[in-house]
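Below, each chain spelled out in residue letters.
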Amino acid sequence: MKKISLKAATVLLAGSFLCSSCIGSFSLFNKYEKWQCNMTDTKLVNGIVGLILQPIVGGVCLVVDALVLNTIEFWSGENPMASLDTKTVKGQDGRYYTVKALKNGYEVKAPNGELTMFVHDQKTDSWSMTQNGITKEIIRFNADGTIQATLQTGEKMTVTNDEAGLNQVRDAVYNDHCYALR
């Protein structure tokens, strides 16, 4: 009788580890699930194909996530699937841009193929933009809680980190633009 209770305790203990919240984000399985639910416009077709694929593909994704990707995420603190996140967004100009999340920023691809990189530098706590081989710092977060914004003219402006500061930068950008047209 002791062997059965020891086995039951072992199974319960192993199960409790699998149900804890610190095992990872299961990003690969979640991406597969999102794809499977949206592969066609018909829920019925998605469900039928899901029943066929789920035991094989879902199982493989789950095992790879649990044994490999979540282990890497646990020890490194970074999601190994994060660099694969790509979205298409509609810009203010009505055109569609491809935005790819990177480890330290974003890569934006315009409809004409032009690439723009937005990169965060942790040492200086600043964001820079690289376009056509030219890198320009856009904003820098200062130790005193203010933000140093770099305008298109190259002028640097220090503002508060709130809506009033954002409005100051916005006014400076629009005023510079208006003066450039005259």
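Sequence positions are assigned chain by chain, starting from 1 and proceeding in written order. In keeping with the model being predicted, local features are shown solely for residues with a pLDDT of at least 70 and side-chain atom pairs are shown and tallied solely at 80 or more, while totals for entire chains, interfaces and linings include all residues. Only heavy atoms go into the side-chain values, all of them from the structure, while hydrogens and water stay out.

1. Digging into the packing of aromatic side chains
Alright, step 1. Here the aromatic set is Phe, Tyr and Trp, taking the six-membered ring for Trp, and pairing holds for ring centres within 6.5 Å; pairs whose planes are under 30 degrees apart are stacked, those over 60 apart are edge-to-face, and all others are tilted. This model, assessed by the stated rule, comprises three aromatic pairs.
Alright, step 2. Geometrically, the ring pair formed by Y32 and W35 is tilted, given 6.2 Å between the ring centres and 35 degrees between the ring planes. Taken together, the residues Y32 and W35, both in helix α2 (residues 27–37) and three residues apart, mark about one turn of the helix.
Alright, step 3. With a relative accessible area of 7%, Y32 lands in the buried category.
Alright, step 4. Three labels apply to residues, based on accessible area from a 1.4 Å probe with only protein chains included: buried if under 20% of the type maximum, exposed if over 50%, partly exposed otherwise in between. The class for W35 is partly exposed, based on a relative accessible area of 45%.
Alright, step 5. Taken together, a centroid distance of 6.3 Å and an interplanar angle of 15 degrees make the contact between Y106 and W127 stacked. Placement of Y106 in strand β3 (residues 105–109) and of W127 in strand β5 (residues 126–131) is noted, with a sequence separation of 21 residues between them.
Alright, step 6. Overall, the relative accessible area of 42% leaves Y106 in the partly exposed class.
Alright, step 7. Grouping aromatic residues by their ring pairs yields a cluster made of F29, Y32 and W35. Put simply, DSSP marks the helices as runs of H or I at least four residues long and the strands as runs of E at least two long, and each gets a number from the N terminus on.

2. Topic: the environment of Q36
Alright, step 1. Structurally, the position occupied by Q36 is in helix α2.
Alright, step 2. Residues Q36 and G47, spaced eleven residues apart in sequence, show a C-alpha to C-alpha distance of 8.4 Å.
Alright, step 3. In this view, Q36 contacts N46, G50 and Q54; residues no more than four positions away in its chain are not counted. Two residues form a contact once any of their heavy atoms are found within 4.5 Å.

3. As for helix α3 (residues 43–76)
Since one α-helical turn is 3.6 residues long, residues separated by three or four positions face the same way.
Alright, step 1. Here α3 spans only 38 Å end to end across 34 residues, well under the 50 Å set by a 1.5 Å rise per residue.
Alright, step 2. At Q54, α3 shows its maximal bend, which comes to roughly 60 degrees, and the proline P55 appears one to four places after that position.
Alright, step 3. Listed in full, the buried residues belonging to α3 are N46, G50, G58, C61, D65, L69, N70 and E73. Helix span, expected: 1.5 Å multiplied by one less than the number of residues in the helix. In this analysis the local bend is the angle between axes fitted, respectively, to the seven residues ending at and the seven residues starting at the residue.

4. What about α2?
Alright, step 1. The complete set of buried residues in α2 reads S27, F29, Y32 and Q36.
Alright, step 2. Looking at the packing, one finds that the buried side of α2 touches α3.

5. Regarding the pairing of strand β6 (residues 134–141)
If a strand is regular, its side chains alternate between the two faces of the sheet.
Alright, step 1. Each pair of strands is called paired provided DSSP finds at least two bridges between the two strands. Pairing of β5 with β6, which is carried by six bridges, proceeds in the antiparallel orientation. Bridged to S126 within β6 is R140.
Alright, step 2. Where β5 folds back on β6, the antiparallel hairpin that results is connected by two residues, among which N132 adopts a positive phi of roughly 55 degrees.
Alright, step 3. The pairing of β6 with strand β7 (residues 146–150) spans three bridges and is antiparallel. In the strand pairing of β7, I139 is matched with A149.
Alright, step 4. The loop that links β6 with its antiparallel partner β7 comprises four residues; one of these, G145, has a positive phi angle of about 95 degrees.

6. Some thoughts on the packing of α2 against α3
Alright, step 1. Every axis in this analysis is a line fitted to C-alpha atoms, fitted for helices over the stretch in contact. Angles between the N-to-C directions lie between 0 and 180 degrees. Their axes nearest at 8 Å, the elements α2 and α3 cross at an angle of 165 degrees. The orientation of α2 with respect to α3, classified from their angle, is roughly antiparallel. Crossing handedness for the pair α2 and α3: right-handed. Contact residues: α2 offers S27, L28, F29, Y32, W35, Q36 and C37, while α3 offers N46, G50, L53, Q54, V57, G58, C61, L62, V64, D65 and L69. Angle categories are assigned with fixed cut-offs, so that under 35 degrees is roughly parallel, over 145 is roughly antiparallel, 65 to 115 is roughly perpendicular, and the rest are oblique. Here is the rule for handedness: rotate from the far helix to the near one, and if that takes an anticlockwise turn smaller than a right angle the crossing is left-handed, while a clockwise turn gives right-handed.

7. Notes on the pairing of β3
Alright, step 1. For strand β2 (residues 96–101) and β3, the ladder comprises four bridges, and the chain directions are antiparallel. Bridging across to β3, V99 finds its partner in V108.
Alright, step 2. Following β2, the chain reverses through three residues before pairing antiparallel with β3.
Alright, step 3. Relative to strand β4 (residues 115–121), β3 runs antiparallel, the two being bridged by five bridges. What sits directly across from V108, in β4, is T116.
Alright, step 4. Where β3 folds back on β4, the antiparallel hairpin that results is connected by five residues, among which G113 adopts a positive phi of roughly 95 degrees.

Read these as geometric descriptors, not functional statements.
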